[in-house]
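# Observations on chain architecture
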Amino acid sequence: MTKQYEIRVNPADFSVLTSAVFTIAREMGLNMERTARAPIYFSAHDFCTSLLSLDAEVIALAEYIPVLTGATPFAVNAVRKYFGDDVGEGDVFLVNDPYTLDGGNQLADWCIVYPIFYQKEQILWVANKAHQQDTGGGAPGGYNPHAIDIYAEGLRIPPLRIYKAGRERRSVVNLIMTNVRIPDVQHSDLLSLIGAARVAEKRVRAVMDNYGRDVFKIFLEDLLAYGECLMRAEIEKIPDGIYHSEIHGDVSGAPAIVCDMTVEGDELTVDFTKSGPMSREYINSPIANTYSSVYQAILQSLGKRLDVRCGGCYRPIHIRTTPGTITHATFPATHGNCTNFVAKQIIEAVWAALAQVLPHETPGGWGSIPYWVFSGVDPRRGEGYGSPDFLSCASGAGAMWGVDGWSTNGPVICSGTLYYPELEVCESLYPILWERWEWATDSAGPGRWRGGLGVHNEWIANGGTQPIFVHYAADPYDYHAAPAIEGGQTPPPNVKELFLPEGRHVGNQEVRDSKAFVLTSGARVVDFVQGGCGVGDPLAREVEEVWKDVRDGLVSLESAERYYGVVIDSITFSVKQKETDELRQKIRMDK
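Note that this is a predicted model, so its numbers are computed, not measured. (Residues numbered from 1 in each chain as written. Predicted model: local features only at pLDDT ≥ 70, side-chain atom pairs only at ≥ 80, totals over all residues. Heavy atoms only, no water.)

## Quick word on helix α5 (residues 170-178)
Spelled out, the test is: When a residue's accessible area, from a 1.4 Å probe over protein chains only, is under 20% of the maximum for its type it is buried; when over 50% it is exposed; and in between it is partly exposed. Numbering of helices and strands starts at the N terminus; helices are DSSP runs of H or I of at least 4 residues and strands are runs of E of at least 2. It is the directions from the helix axis to the C-beta atoms whose arc is reported.
Residues of α5 that are buried include every one of Val172, Val173, Ile176 and Met177, and no others. All buried residues of α5 lie within an arc of 130° about the axis, which places them on one face of the element. Projecting away from the buried face of α5 at angles above 90 degrees are the exposed residues Arg170, Ser171, Leu175 and Thr178.

Next up, the structure:
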């Protein structure tokens, strides 16, 4: 029987206050969009904003990049453990290190932790986390595929007080900014994070002025308990049992992601203790990243219809790991690309387990992103730049029962929240010219409901005498996209190529092996980006839907026949119904 809880505040007040705290979280995000200087903030929205209880449970969040949100309690807890009672009004703390008190998910994701006081009593924490353009280390842009340990990946920031009683500790901030490559912009972005927190402080105080301290504090307890009850009710619908899944890679040495999900009543345990060892590649997942990935996976499947998503939803979910494995990285393992990989595999391992018992409620696997991180000096302004190529992050979403996957929806860790910058904006910010950015034919996994499509992304270096440094930041092991549910199929793999000015072609395997290149003007970058998994038998897809996909260039004539059993005349472009019926029957008999 699901645990019951009676809301103590007036139901009308509960509704208004719930709306208020989530609105405050969203307003923080809007302030960051308007005040940040880096396109990774104002254009891509690669950040999250959240309010947390004194015990570091998420009260409210803004739906920007979901995989960051579940890591914010770790940042707050690191500050709590390190500073104890030495926290005052107007203090600001900064943390990014995953190995000091488990405070971070990734060095590139800086989190400011800000205490909110009301009449000299601390009421809440603010935790705003954002991806940085640079974080020092051996490679510009925060992704170093050749790193041998965390020290080569960037500046480690343990829980650190950067403001005391509202005043900046200049020497401390100067030390941080001296160790990044774009200090003026990143200092402005740090102020954007802090400014958003101060906006939240004003709004929370205004709400408490209206409702009073006691009512507001009871409401916080009610909200968390309400979220817990909602999630327990969803878990209880699942038959008790153990559901097993594994995600493997095609490249030698890929550590398996092994998930055993146990359901007992209204409690759910996700066990990764049997996962493979840590990798020499920089995708090892610190514990904060693993927890956040599991929470995201659950909220996007079991919890997708919940009307409130808060830390209370996490209470019935228990996570087990083994230190020293790829899902619980330990010092000093490299981890710089863990928020993309292995976070994706963790999410999809959870989905693959759920799909065994809830196939019509679970998303199909999403496409993997084969992006570069590029950096250099823009000769037009004489200023440095650094950014992931977000336009190559446009993979396809997996289908769900009853609906095709969203095309060019981005990495699963963003769940459709990643914004793609306009090509013209990119060309004004970076010395690069885009020649192509379009849906890639046959990039989606076939199914009764097919996956969303990835993109064909193509650009040319245009830096004059200034080189463009690019670092490979894609899945190193070609992990299988999962799950492909009830007969659905997986998408084709990603492909990255370079065409250099001297006429040399660098194929996909050489790109993967070398990982880092220096591009001169005229070099052409070409990406074929993977789509999402299909759901259901492709032979059950409506013939007219297949015809429309072929008409629109999403599926080729050859793939329509091979996967869907639909024969289309290449001259008249009409469906050959007799041949289609015969071909579908033959494919079914051959299975």
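There is more to say after this.
## Some details on the side chain of Asn409
Put simply, the rule is: It only takes one pair of heavy atoms within 4.5 Å for two residues to be counted as in contact.
With respect to the helices and strands, Asn409 occurs in the loop between β13 (383-388) and α10 (423-429). A residue is classified by how much of its surface remains accessible, and Asn409, at 10% relative accessible area, is buried. With residues up to four places along the chain from it excluded, the contact list for Asn409 reads Trp366, Ser395, Gly396, Ala397, Ser415, Gly416 and Tyr420.

## Focus: the environment of Val526
The topology assignment puts Val526 in strand β20 (residues 524-528). In the structure, Val526 is positioned 68 residues away from Glu458 in sequence and 4.5 Å away in space, judged by C-alpha atoms. When sequence neighbours within four positions are dropped, the list of residues in contact with Val526 reads His456, Asn457, Glu458, Val495, Lys496, Glu497 and Phe499.

## A few points about the packing of aromatic side chains
Selection criterion: A pair of aromatic rings is counted whenever rings of Phe, Tyr or Trp (Trp by its six-membered ring) have centres within 6.5 Å, and the orientation is called stacked for planes under 30 degrees apart, edge-to-face for over 60 and tilted otherwise.
This structure, assessed with the given rule, holds 24 aromatic pairs. Their ring planes at 85° and their centres at 5.7 Å tell us that Tyr143 and Tyr371 sit as a pair that is edge-to-face. Remark: Tyr371 occurs in the loop between α9 (343-355) and β12 (372-378) and Tyr143 occurs in the loop between β5 (121-131) and β6 (160-164); sequence separation between them is 228 residues. For Tyr371, a relative accessible area of 1% corresponds to the buried category. In textbook terms, an aromatic cluster arises when at least three aromatic residues are bridged by ring pairs, as seen for Phe374, Tyr385, Tyr430, Trp434 and Trp459.

## Section: the pattern of salt bridges
The condition that has to hold: When a carboxyl oxygen of Asp or Glu is within 4 Å of a side-chain nitrogen of Lys or Arg, the pair counts as a salt bridge.
Per the stated rule, a full pass over the model turns up 44 salt bridges. Here Asp55 and Arg80 are joined by a salt bridge, their closest N and O atoms 3.8 Å apart. With Asp55 in the loop between β1 (47-52) and β2 (58-61) and Arg80 in helix α4 (residues 72-83), this pair connects stretches of sequence that are 25 residues apart. For Asp55, a relative accessible area of 54% puts it in the exposed group. Judged by relative accessible area, which is 30%, Arg80 ranks as partly exposed. Note that Arg315 is salt-bridged to Glu228, the shortest N-O span being 3.0 Å.

## A few points about the environment of Cys426
Turning to its location among the elements, Cys426 is positioned in helix α10. Among the residues examined, Cys426 registers a relative accessible area of 4% and is labelled buried. Sequence separation between Cys426 and Asp389 is 37 residues, and the spatial gap between their C-alpha atoms is 9.4 Å. When neighbours within four sequence positions are excluded, Cys426 is seen to be in contact with Leu391, Pro421 and Trp434.

## Considering unusual backbone geometry
Cis geometry marks the peptide bond from Phe331 to Pro332, where omega comes out at 0°. Along the polypeptide, Pro332 turns up in the loop between β11 (317-320) and α9. Across the junction of Ala482 and Pro483, the peptide omega takes the value -5°, indicating a cis bond. Of note, Pro483 is situated in the loop between β16 (468-472) and β17 (495-499). Located in the positive-phi region is Lys120, a residue other than glycine, with phi close to 70°. Turning to its location among the elements, Lys120 is positioned in the loop between β4 (109-118) and β5. Classification of Lys120 by relative accessible area gives exposed; the value is 78%. Its identity is not glycine, yet Asp478 carries a phi of approximately 50°, on the positive side. Summarising the element assignment, Asp478 is placed in the loop between β16 and β17.

Remember, this is a structural readout, not a statement about activity or role.
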